[in-house]
Amino acid sequence: MTSHLAVTETLLGGCGRPVDTMGMRIKVNVVPEPPPRRRRDIRYPERGGTVVVEGSFGDIDLECGVCGSQLVRTAHEWQLGNEILACTRCSAYNELSRRR
Ligand SMILES: [Zn+2]
């Protein structure tokens, strides 16, 4: 797993622009800093880097709407809820809205 993270960091490079070798990625809607009552919905990367939700063999890849850092990788739809993904690179808040 750590090797995968290292690969992603390499692909993202120093300038924050991803190298497009992994198919289409969707930018997430950026929102202002959430009010306190929504703070519990904010999720941060658990293992360093910028990826907050890492799935396996899913088809959803999402990136920060500001800097393009990868926030969700190969996730399935059921892994994503109505939550806010914090970007550790540019401190933006990226809000997910569950698709139905
Ligand atoms: Zn960002």
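The sections below set out a description of the structure shown in this document. This is a predicted model, so every value here is computed, not measured.

### Remarks on the environment of Glu 95
And step 1. Mapped onto the fold, Glu 95 is located in strand S8 (residues 93–95).
And step 2. Along the primary structure Glu 95 and Gly 81 are separated by 14 residues, whereas in three dimensions their C-alpha atoms are 9.8 Å apart.
And step 3. Apart from the residues lying within four places of it in its own chain, the contact partners of Glu 95 are Asn 29, Val 31 and Ile 84.

### What to know about the environment of Asn 82
And step 1. Counting through the fold element by element, Asn 82 comes out in the loop between strand S6 (70–75) and strand S7 (84–86).
And step 2. The exposed category is assigned to Asn 82, around which 9 C-beta atoms lie within 10 Å.
And step 3. For the pair formed by Asn 82 and Glu 95, sequence separation is 13 residues and the distance between their alpha carbons is 7.6 Å.

### A few points about the nonpolar core
And step 1. Membership of the largest hydrophobic core comes to 16 residues, with the highest contact counts inside it found for Val 28, Val 52, Leu 71, Val 72 and Leu 85.
And step 2. Mapped by element, the contributors of at least two residues to this core are S6 and S7.
And step 3. Among the elements that make up this core, the one with the highest residue count is S6 (3 residues).
And step 4. The contacts of Val 28, once residues within four sequence positions are left out, are Leu 62, Glu 63, Cys 64, Gly 65, Leu 71, Leu 85, Asn 94 and Leu 96.

### Quick look at the pairing of S6
And step 1. Within S6, 5 of the 6 residues are buried, which leaves the element mostly enclosed by the surrounding structure.
And step 2. Summarising the sheet, strand S4 (residues 53–54) and S6 pair through 2 bridges and their orientation is parallel. Bridged to Glu 54 within S6 is Arg 73.
And step 3. Where strand S5 (residues 60–63) and S6 come together, 3 bridges link them in antiparallel fashion. Bridging from a neighbouring strand, Leu 62 pairs with Val 72 of S6.
And step 4. What sits between S5 and S6 in their antiparallel hairpin is a turn of 6 residues, with Gly 68 showing a positive phi close to 80 degrees.

### Here's the deal with the sheet that holds S7
And step 1. Strand order in this open sheet of 4 strands is S2-S8-S7-S3, and the pairing throughout is mixed. Two strands close off the open sheet at either side, each with one partner strand: strand S2 (29–31) and strand S3 (42–43).
And step 2. Sheet analysis places S7 next to S8, joined by 3 bridges and oriented antiparallel. Looking across to S8, one finds that Ile 84 is bridged to Glu 95.

What counts, and where the lines are drawn
- Residues numbered from 1 in each chain as written.
- Predicted model: local features only at pLDDT ≥ 70, side-chain atom pairs only at ≥ 80, totals over all residues.
- Helix = DSSP H or I, 4+ residues; strand = E, 2+ residues; numbered from the N terminus.
- Contact = placed C-beta atoms within 7 Å.
- Buried ≥ 20, exposed ≤ 12 C-beta atoms within 10 Å, placed from the backbone.
- Core = buried A, V, L, I, M, F, W, Y, C linked by C-beta atoms within 7 Å.
- Pairing = 2+ DSSP bridges.

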